[in-house]
Amino acid sequence: ESQAEVLRLQKQKEELCAQIRDLSLPVDLASDSLPDLKKQQRLLEAEVSEKREEICTLSAKIQKQQQVHMRFEMEMERMKQMHQKELEDKEEELEDVHKSSQRR
């Protein structure tokens, strides 16, 4: 958590330094919209970074859900096999009872 906080604060510091640089341009070199364009560019880059993090988070969630789904499918298949085995055992038992009753 502390490393994440340090990274966040470093990014915030870089953003503020970039804003200072943009606003410190000599008036004759900067057009009226240059600081605004630089700010907009940084905001868009920050948004891209946030979206990438969101994509990574969602990808991890999807992968986890796929694993859960796979485990449930495997468990369901195992239960089907158990049920089938029990059914076969019951049928065999019923057949044995039927044969024994016919002998009597």
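Residues numbered from 1 in each chain as written. Predicted model: local features only at pLDDT ≥ 70, side-chain atom pairs only at ≥ 80, totals over all residues. Heavy atoms only, no water.

Looking at an unreviewed UniProt entry, one finds the chain named Unconventional myosin-XVIIIa-like, with Notothenia coriiceps as its source organism.

**Details of the packing of helix H1 (residues 2-23) against helix H2 (residues 34-103)**
How we decide: Axis lines are fitted through C-alpha atoms, for helices just across the contact stretch, and the angle between N-to-C directions can take any value from 0 to 180 degrees. A run of H or I in DSSP counts as a helix once it spans at least four residues, and a run of E counts as a strand once it spans at least two, with each numbered from the N terminus. Small angles under 35 degrees read as roughly parallel and large ones over 145 as roughly antiparallel, with 65 to 115 read as roughly perpendicular and the rest as oblique. In this scheme, a crossing is called left-handed if the near helix is turned counterclockwise away from the far one by less than a right angle; it is called right-handed if the turn is clockwise. Contacts are residue-level and defined by heavy atoms, with any inter-residue pair within 4.5 Å sufficient. Under the convention adopted here, Pro, Cys and the residues Ala, Val, Leu, Ile, Met, Phe, Trp and Tyr are nonpolar, Asp, Glu, Lys and Arg are charged, and Gly plus all remaining residues are polar.
Two numbers describe how H1 lies on H2: the axes approach to 9 Å, and their chain directions differ by 165°. Between H1 and H2, the angle is such that the two are roughly antiparallel. Here H1 runs over H2; the crossing is right-handed. In this structure, H1 contributes Lys 11, Glu 15, Ala 18, Gln 19, Asp 22 and Leu 23 to the contact, and H2 contributes Pro 35, Lys 38, Lys 39, Arg 42, Ser 49 and Glu 53. Partitioned by chemical class, the residues of the contact of H1 with H2 number three nonpolar, two polar and seven charged.

**Thoughts on the pattern of salt bridges**
Applied cut-off: Note on definitions: salt bridges are taken to be side-chain nitrogens of Lys or Arg within 4 Å of carboxyl oxygens of Asp or Glu. Exposure classes here rest on a 1.4 Å probe applied to the protein chains alone. A residue is buried below 20% of its type maximum, exposed above 50%, and partly exposed in between.
Taken as a whole and assessed by the stated rule, the structure comprises seven salt bridges. Linking Arg 78 and Glu 75 is a salt bridge whose minimum nitrogen-to-oxygen distance equals 2.5 Å. Remark: Glu 75 and Arg 78 occur in helix H2; sequence separation between them is three residues, near one turn of the helix. Look at Glu 75 and you get partly exposed, because its relative accessible area is 33%. The salt bridge involving Asp 89 is made with Lys 85; its shortest N-O contact spans 3.1 Å. One end of the pair is Asp 89 and the other is Lys 85, both in helix H2 and four residues apart, which spans about a single turn.

**Quick look at the environment of Arg 21**
Looking at the secondary structure, you find Arg 21 in helix H1. Taking the relative accessible area as the measure of exposure, Arg 21 reaches 53% and is therefore exposed. Each C-alpha atom, one on Arg 21 and one on Lys 38, is 10.0 Å from the other, the two residues being 17 residues apart in sequence.

**A look at a negative patch on the surface**
This is how the line gets drawn: Residues form patches when they are more than 30% accessible in relative terms and have no salt bridge. Like charges link within 9 Å. Nonpolar side chains (Val, Leu, Ile, Met, Phe, Trp, Tyr) link within 5 Å. Throughout, the Shrake-Rupley method with a 1.4 Å probe supplies accessible areas, and for residues the shown protein chains are the sole cover considered. Under the counting rule used here, the positive set is Lys and Arg, the negative set is Asp and Glu, and His together with the chain ends is not counted. Every charge is mapped onto a representative atom, which is NZ of Lys, CZ of Arg, CG of Asp or CD of Glu.
Taken together, the side chains of Glu 88, Glu 91, Glu 92, Glu 93 and Asp 96 present a region of like negative charge at the surface. Note that Glu 88 resides in helix H2. Note on Glu 88: relative accessible area 41%, which makes it partly exposed.

**Concerning the environment of Lys 90**
For Lys 90, the location among the structural elements is in helix H2. On the basis of relative accessibility, which here comes to 57%, the residue Lys 90 falls in the exposed class. Spatially, the C-alpha atom of Lys 90 lies 58 Å from that of Glu 1, the residues being 89 residues apart in sequence.

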